[in-house]
Amino acid sequence: MVLRGPGEFAASRRISYPRVLAGSQGSRLDLGNLSIGTINIPSQLFTQFILKVLPTGYREFTGQVTENQGELEISVASRNPPQAWRVSGPSDAFPEMMEYLALRMALDLNPELIKSSGLDRSPYDQELAFAMGNEAFRQGRYRRARAFFEVADRFAPSDEKIDAMLALAYYHERDGQVDATILKAMEAAIQEDQNGDSSLLRPYLACLYHKAGLEDQAQAERFIFNRYLLRLEFQQFDARVDALKQLPLRGPGRHLSVMGDDVIFVNDKGAIAKAAAQPIPEGQSQVSVIELSPANQNPRQIKIYDDANLLSISPDGAVYAYRSQATEADQTPIPLVEGRALRGVQQIETSPSQFGRTNLFLLNRSGQVYWCEPDVDAGNCSPRQLRFDGVGNVTQIFPVEDQLYMVTSDGVVWYTEINISGQVTFTPRRLIQPTEAAKAQEIFVADDGTLYLLYDNGRVWRYYDDGRPETEDLKLVDPSTDTAQIFATGGYLYLLKSDGAVWRISNPRNPDPASDFTKIEFVVLEKVPTIQEMFVVAGPPAGDGLPGDRILYLLTNQRALLQGTDTGDPRMVLVPMYTPTPPQAAVVQQL
């Protein structure tokens, strides 16, 4: 059975019945801004965007336009670099085809735009044309929308979303009378369609109802189909969430955080747990621990701030808040940021602001950075994307008050500041370039402003700009290649090695390899555990003005929580704060 679409569409397009659906084949339905992957362009900036990204280093282009029975084909080629583009469509879509070509060429000839957007590839032809059609549709320019959807259809025929948007563009654009026989035939086809709500014939029926002046019926058909599209979006989101759970974290995905009187960690059952952050004398039993979240939640990261509140990232990239001072019975997770809203949050960091607020910085899985001021009591956080000109794909963030340090995927370290409105004060400044052999993958900013950098080859560097050209800003601190985590506090730098050993470096800005490096020898009741993560808290200064002792909290690979006090001695007594419950052995009953 073959049915034709309404109006002039019947002369140029045929739809086989039944047809589809096997799932989404196209890009995301978005009637808002022009969205191509992570590129999101407000309509008022659309023209300026095209002008901005038009090829700037290329002046030699050749091309031709051919026409055959009302169909146009436009071809353009460049000599340097050698590349060619082609687009076809109806002759009345010539302006839209030229606009598409301009943006297609601009994206292909300016790869740094794609890189800075967080995409790993340039958008496909169908995605680009479809997104441009959605932008025109949102602006109410339905003839232009239809032209772009026609262009998208040439790249990907039989796409259900292009079909739907083509029909809805006609729905808004055309008027006229509808023969009752055609209307009844379409109604019968809808009733017989095995696809039900997802039938691609339904938008065409909505168009026919509209032309016949039956607006209630038309609205009902549009509601049914839009509900299907929304359901399809959620299905796609579920698939993205499953994929997100398998992705490695951007930035340090820490499961241990200490502030004030609280130690928060993820225990062996995958629950967020809280213990009292008090030194435990040698020989004393472990402290009481309460769970603040259900077991098997397995958050991607946790973070205490303001000495009262706790933030966590769920496996699907959503951000939740807990009141860490509350008891277990009082705990109800407070949703602050939906994972879907930011395409999956990967890292959260907080800092007290000089403007009397708390800064919450969020890094999503696309390498984009957002800022908000969290209000846990109101369950409110309205993230605002921080746009950095020239900064690439961010992989880690580290804020200090209103200053923000960032590491990008190419190993460059950047610095900028946030103003009272939570906006970037100036274009980020590049601090450190990667070497040929390695690049920075993690940073830690010490209390004195020194940056310590863990490179992807396991070596540790420091960066400190004292403003004097005769001194070395970037210096190798630890030449070994097995460091897994760095932590600086109280004038000391601690290195967690890949084998679980912990080293302490005195005078880390300019250490003496012969005297300032100490491997800490752990004294424990049982075998030495394998340390997976550390958090160090500096105690009050000693009476003679020297730094006080440091308290180390260590999370093992079995999720046991240990505590030790670093007095400067090579030996450290570790006391268990939390010991995982050993799995119960299976009981075999003999009959």
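Residues numbered from 1 in each chain as written. Predicted model: local features only at pLDDT ≥ 70, side-chain atom pairs only at ≥ 80, totals over all residues. Heavy atoms only, no water.

1. Concerning the nonpolar core
Where a protein is soluble and globular, its nonpolar side chains tend to be buried together. The line we're drawing: Nonpolar core, defined: a set of buried Ala, Val, Leu, Ile, Met, Phe, Trp, Tyr and Cys residues in which side-chain atoms within 4.5 Å join the residues together. Classification of residues uses two cut-offs on accessible area relative to the type maximum, computed with a 1.4 Å probe and protein chains only: under 20% is buried, over 50% is exposed, and between them is partly exposed. Any two residues having at least one pair of non-hydrogen atoms within 4.5 Å are treated as being in contact.
Counting residues in hydrophobic clusters, the biggest one holds 56 residues, and the most contacted among them are Val413, Leu453 and Leu493. In contact with Leu453, not counting residues within four places along its chain, are Val413, Ile432, Ala440, Glu442, Ile443, Arg459, Val460, Trp461, Arg462, Tyr463, Leu474 and Ile486. In this structure, Ile74, Val76, Leu103 and Ala136 belong to the second largest nonpolar core, which totals 27 residues.

2. Points about the pattern of salt bridges
What counts here: We define a salt bridge as a contact between a side-chain nitrogen of Lys or Arg and a carboxyl oxygen of Asp or Glu at a distance within 4 Å. Counting from the N terminus, the helices are the DSSP runs of H or I reaching at least four residues and the strands are the DSSP runs of E reaching at least two.
For the structure shown, the criterion picks out 17 salt bridges. Among the salt bridges present, the one from Arg144 reaches Glu96, with a minimum N-O distance of 3.5 Å. Placement of Arg144 in helix H6 (residues 142–155) and of Glu96 in helix H3 (residues 94–109) is noted, with a sequence separation of 48 residues between them. The class for Glu96 is buried, based on a relative accessible area of 1%.

3. Things to note about the sheet that holds strand E37 (residues 575–578)
Our working definition: Should DSSP find at least two bridges between two strands, the strands are regarded as paired. In this description, a line fitted to the C-alpha atoms serves as the axis of each element, helices being fitted only across the stretch in contact, and the angle between N-to-C directions of two axes falls anywhere from 0 to 180 degrees.
On the basis of which strands lie adjacent, the open sheet formed by four strands has the order E33-E34-E35-E37 and antiparallel pairing. For this open sheet the edge positions go to strand E33 (531–538) and E37, each flanked by a neighbour on one side alone. Direction aside, the axes of adjacent strands within the sheet are offset by 30° on average. Of the strand pairs in this sheet, strand E34 (residues 550–556) and strand E35 (residues 561–566) are connected by six bridges, and their pairing is antiparallel. In the sheet register, Leu552 faces E35, and the bridge partner there is Gly564.

4. Observations concerning the pairing of strand E25 (residues 451–455)
Counting buried residues along E25, five of its five residues qualify, which places the element largely inside the surrounding structure. On E25, burial covers both faces: Leu451, Leu453 and Tyr455 on one face and Tyr452 and Leu454 on the other are all buried. As paired strands, E25 and strand E26 (residues 460–463) are joined by four bridges and run antiparallel to one another. Directly across from Leu453, in E26, lies its bridge partner Trp461. Counted between consecutive antiparallel strands, the loop separating E25 from E26 contains four residues, among which Gly458 sits at a positive phi close to 90°.

5. A few points about a nonpolar patch on the surface
Rules: Within this analysis, patches are made of residues with over 30% relative accessible area and no salt bridge. Like charges are joined at 9 Å or less; nonpolar side chains (Val, Leu, Ile, Met, Phe, Trp, Tyr) at 5 Å or less. The method behind every accessible area is Shrake-Rupley, applied with a 1.4 Å probe, and residues are considered shielded solely by the protein chains displayed.
Taken together, the side chains of Val65, Phe94 and Met98 define a hydrophobic patch exposed on the protein surface, amounting to about 240 Å² of accessible area. With respect to the helices and strands, the residue Val65 is situated in strand E5 (residues 61–68). With relative accessibility at 48%, the residue Val65 sits in the partly exposed group.

6. Description of the state of the cysteines
The test is simple: Disulfide assignment relies on a single distance test, namely cysteine sulfur atoms paired within 2.5 Å.
Under the criterion given, the structure shown has one disulfide. Here Cys372 connects covalently by a disulfide to Cys381, the sulfurs 1.9 Å from one another. Its S-S torsion of about -85° marks the bond between Cys372 and Cys381 as left-handed, since a negative value means left-handed. Accessibility assignment for this pair places Cys372 and Cys381 in one class, buried.

7. A few points about the packing of helix H5 (residues 125–138) against H6
Selection criterion: For this classification, under 35 degrees means roughly parallel, over 145 means roughly antiparallel, 65 to 115 means roughly perpendicular, and everything else is oblique. Helix crossings are classified by the rotation of the near helix relative to the far one: an anticlockwise turn of less than a right angle makes the crossing left-handed, while a clockwise turn makes it right-handed.
Their axes nearest at 8 Å, the elements H5 and H6 cross at an angle of 165°. With respect to each other, H5 and H6 are oriented roughly antiparallel. Relative to H6, H5 is oriented so that their crossing is left-handed. Taking contact as the criterion, the partners of Asp125, Gln126, Ala129, Phe130, Met132, Gly133, Asn134, Ala136 and Phe137 in H5 are, on H6, Tyr142, Arg144, Ala145, Phe148, Phe149, Val151, Ala152 and Phe155.

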